[in-house]
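In case you want the letters, here they are:
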There are 2 protein chains.
Amino acid sequence: MLNFELNLPTKILFGRGSQRLIGEAVKPFAKKILLHYGGGSVKKNGIYDDVTRSLRESGVEFVELGGVAPNPRLSLVYEGIKLVKDENVELALAVGGGSVIDSAKAIAMGALYDGDVWDIYEKGVAVDKTLPVATVLTIPAAGSEASPSSVITNEKKKLKLGYTNEITRPVVSSVNPEHFFTLPKNQMANGVSDMMSHIFERYFTRTLNTDLTDALCEATLRVIMRNALILVENSENYEAWSEIGFCGTVAHNNSLGLGREQDWASHGMEHELSAIYDVAHGAGLAVVTPGWMRYVCDTDINSFVRFAVKVMGVDGDFRDPNAIASEGIKRLQEFYKKLGLPSTIMELGIDDKNLEIMAKKATRASFGEETPIGNFRKLRWLDVFAIYKSVFQ
Amino acid sequence: MLNFELNLPTKILFGRGSQRLIGEAVKPFAKKILLHYGGGSVKKNGIYDDVTRSLRESGVEFVELGGVAPNPRLSLVYEGIKLVKDENVELALAVGGGSVIDSAKAIAMGALYDGDVWDIYEKGVAVDKTLPVATVLTIPAAGSEASPSSVITNEKKKLKLGYTNEITRPVVSSVNPEHFFTLPKNQMANGVSDMMSHIFERYFTRTLNTDLTDALCEATLRVIMRNALILVENSENYEAWSEIGFCGTVAHNNSLGLGREQDWASHGMEHELSAIYDVAHGAGLAVVTPGWMRYVCDTDINSFVRFAVKVMGVDGDFRDPNAIASEGIKRLQEFYKKLGLPSTIMELGIDDKNLEIMAKKATRASFGEETPIGNFRKLRWLDVFAIYKSVFQ
């Protein structure tokens, strides 16, 4: 186990009605806030009304900025920063899923940053101050409600870049599983794929002696899969959504990744797909993850045997570890199919003409010096290209 | 799943050398601190030197109060409160195990409380302010390094009472598994018993649909047992101590208890043993826990079947759930024995003349109105008495 620092400052208000507690929860941080949301579904389903009523009852003023799209864009972030500065806003409240929350994080940092907020993402600037962020989660997936990470798409440069900084963890997040009842099935599936990937990126490691986090990763993956299949049948099952919602937060607040080197190659490969083609992140991950697993599994086959046995319930002849490992990956792909997720790049509606460009962008080979991605195995652009091709059709 | 609030504000600095980071970590909170410790072992093993050097290098002044005994006493808490007030101390730094940390929590609350600090424990006063507490953990067991709880013994009244308040969670804790190498084997065993009990008190619940926390509890229990057996053989195994140290924190920071009704009857029953006889808490728990399990298991036999199968690895004929459940409890007791833990009250060196008195104190029947303890099954004094008798010899 590696040395680590555990720091989970986000207060989670979990359960029915928790969105109505948000006014009192943000009041200690701000007199006036930015209310940030997406395409307006929060106005149809009553969440907007609940939240604004809660804010009013707590005497918290707010200005609004809607319109966040999936793969949240830099242009709206700029607009948000201007609004926050003009209106002397003290906190950004995201009412939405990961895209809205990530947009709010970028606005909150950008509001206190002297330069161009995009530099923070592109150059990895270690900023040391931000406005506080709070969230009312409407899609369990990205884990951004308690994570120190955000991902912003620069639509002009066709770049989608992530940024991690502990100061960007939200101060408070409301998670009410009832809010997830009306999500279309593909959004549920994309969210499940995303949170599972957050665990895979931590689970597959070359660090030895990581018993507790190994076991917690496996336990959480099993719970996600079992409950996701319940939701395929019944999208209004409160208990199954509670598990999925809770797992989504745990999957990415880093409690499952402590003391171990993490991978993150699959996320890097997926970001290129959605940067150019605007595909759903979870769908892209369902495509690249099994490809990554097959490509890297001989680096440490026993890690994939363990995954197959403990997570995917594979039994068989352990004298043939490759067969056990392959069966595990196959079952994962079958699980994704049951959720209606794609398994090839073609199914994502992407042709093969940019595979090489994406592989070079993922490893920064196209920007000069190549930087291999991943830690379980270091992948150069030719490796990434091979993985893309292996899952192309 | 029940609604819950997740709040884990304690920053954990985990791993080799982390005690040397404590000066910088407490500096933002205080110019002058109380350095609180136990019987002086920290001076022999070098931890005291590391910590005081770190404080000096960070320019943090300190006054000292040593002498905390297991089952920490109210008299020393009073002394600490006086010292803190006289010296204008702004933070209490506990260097030790659960007893030292609990004593520091009581001092930190008492310093800002107008009345008698014992009232906070006896009357459950909801105090709303405390000095911050930090810790350098030397015994993994109580989980107090990240928990909102503390237990103080009023030696005059022979009362040992716990108190839980979110504001008492430490702000920062250092956990260096190397510090555990020199612990006597019985302290390792007592610690393991204590942290396992912290999970049992949460695991056995009547709340339905608690998939994730069930699975996390089971995963953590298995990791504790596997690594404790390594330490029986080799008390200087860094990796095994890392797992045990990490598990001890997770077991009691309540991340395993979210969204579920908890029990806490076994802790209540054990507190009476150590209040009167000053036995080690973990040893007492190893005695009363299997007794509690046997007494309550028919309340929901399936919970104990699950425990037997998933935690204790029992296989067998599921048409006889009682046999499966019994085998699970038997294996737990065998595990305790491998650690050298006692299995009867007599082995704790306690005679049978106070069993009834203790049962009545545990349920407050001796103070007037009886208050049943536990939630998995509500236990009245006659139930507690029956459990004590069942594990007496």
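Model, not experiment: these values are computed from the prediction.

**Q** Would you mind showing me how to read the nonpolar core here?
**A** General note: in soluble globular proteins, nonpolar side chains tend to be found buried as a group. Formed by 266 residues in total, the largest nonpolar core has its most connected members in Ile33, Ala92 and Val95 of chain A together with Ile33, Ala92 and Val95 of chain B. Aside from chain neighbours lying at most four places away, what touches Val95 of chain B is Leu35, Tyr37, Val42, Ile47, Tyr48, Val51, Val100, Val136 and Thr138 of chain B.

**Q** Please clarify how the interface of chain B and chain A should be interpreted in this entry.
**A** Size of an interface: often given as the accessible area lost when the parts come together. Contact with chain B, which involves 35 residues of that partner, is made by 35 residues of chain A. Counting residues per element, the ones that place at least two in the side of chain B that touches chain A are β1 (4-14), α8 (211-233) and α9 (238-252) of chain B. Examining the composition of the side of chain B that touches chain A, we find that 11 residues originate from one element, α8 of chain B, more than from any other. The residue inventory of the side of chain B that touches chain A, partitioned by class, reads 16 nonpolar, 10 polar and 9 charged.

**Q** Help me out: how do you make sense of the environment of Glu201 of chain B in this one?
**A** Residues and elements named next belong to chain B. Along the chain, Glu201 turns up in helix α7 (residues 185-203). What makes Glu201 buried here is the crowd of 26 C-beta atoms within 10 Å. Spatially, the C-alpha atom of Glu201 lies 22 Å from that of Pro321, the residues being 120 residues apart in sequence. Contacts of Glu201, omitting those with residues within four sequence positions, involve Gln262, Asp263, Trp264, Ser266 and His267.

**Q** When you look at the domain arrangement of chain A in this model, what are you seeing that I'm missing?
**A** Residues and elements named next belong to chain A. As far as domains go, chain A holds domain 1 (11-179) and domain 2 (185-390). Each of domain 1 and domain 2 was reduced to a C-alpha centroid, and the two centroids are 26 Å apart. At the junction of the two partners, domain 1 supplies 19 residues and domain 2 supplies 24 residues.

**Q** Explain the relation of the copies chain B and chain A to me, please; I cannot follow it from the model alone.
**A** For the pair of chain copies, the relating operation is a rotation around an axis with a shift along it. Relative to chain A, chain B is turned by 180° and slid 0.0 Å along the rotation axis, the superposed coordinates differing by an RMSD of 0.0 Å. The relationship between the two copies is best expressed as a two-fold rotation axis. Minimal C-alpha distance to the rotation axis in chain B is attained by Pro9 of chain B, lying at 2.4 Å. Looking at the interface residues of chain B, 100% of them are also at the interface in chain A, so both copies use one shared face.

**Q** What am I meant to see in helix α10 (residues 265-277) of chain B here?
**A** Helical geometry: 3.6 residues make up each α-helical turn, so side chains three or four residues apart lie on a common side. Residues and elements named next belong to chain B. With 13 residues, α10 should cover 18 Å at 1.5 Å per step; its first-to-last C-alpha distance of 19 Å lies within 8% of that length. Burial analysis of α10 places 11 of its 13 residues in the buried class, the great majority of the element. Among the residues of α10, those classed as buried are Ala265, Ser266, His267, Gly268, Met269, Glu270, His271, Glu272, Leu273, Ser274 and Ala275. Buried-residue contacts for α10 involve β6 (149-154), β7 (159-164), α7, α11 (281-296), α14 (355-362) and α15 (381-390). One or two positions beyond α10, positive phi appears at Asp278, with a value near 60°.

Parameters at a glance
- Sequence positions are assigned chain by chain, starting from 1 and proceeding in written order.
- Lettering of chains starts at A and numbering of ligands starts at 1, both following the order in which they are written.
- pLDDT decides what is reported in this predicted model: residues at 70 or higher carry local features, side-chain atom pairs at 80 or more are listed and counted, and totals for whole chains, interfaces and linings draw on all residues regardless.
- Here, a nonpolar core denotes buried Ala, Val, Leu, Ile, Met, Phe, Trp, Tyr and Cys residues that are linked to one another through C-beta atoms within 7 Å.
- To sort residues by burial, count the other C-beta atoms lying within 10 Å of each one's C-beta; a count of 20 or more means buried, 12 or fewer means exposed, and anything in between means partly exposed. C-beta atoms are built from the backbone.
- Residues are treated as contacting if the C-beta atoms built from their backbones sit within 7 Å of each other.
- Comment: elements are numbered from the N terminus, with helices defined as DSSP H or I runs of at least four residues and strands as E runs of at least two.
- Put simply, Ala, Val, Leu, Ile, Met, Phe, Trp, Tyr, Cys and Pro go in the nonpolar bin, Asp, Glu, Lys and Arg in the charged bin, and everything else, Gly too, in the polar bin.
- Boundaries between domains were set according to an automatic or database domain assignment.
- Fitting of the copies onto one another was done by least squares over C-alpha atoms, counting residues only where both copies have pLDDT of at least 70.
- The length a helix should cover is 1.5 Å for every residue beyond the first.

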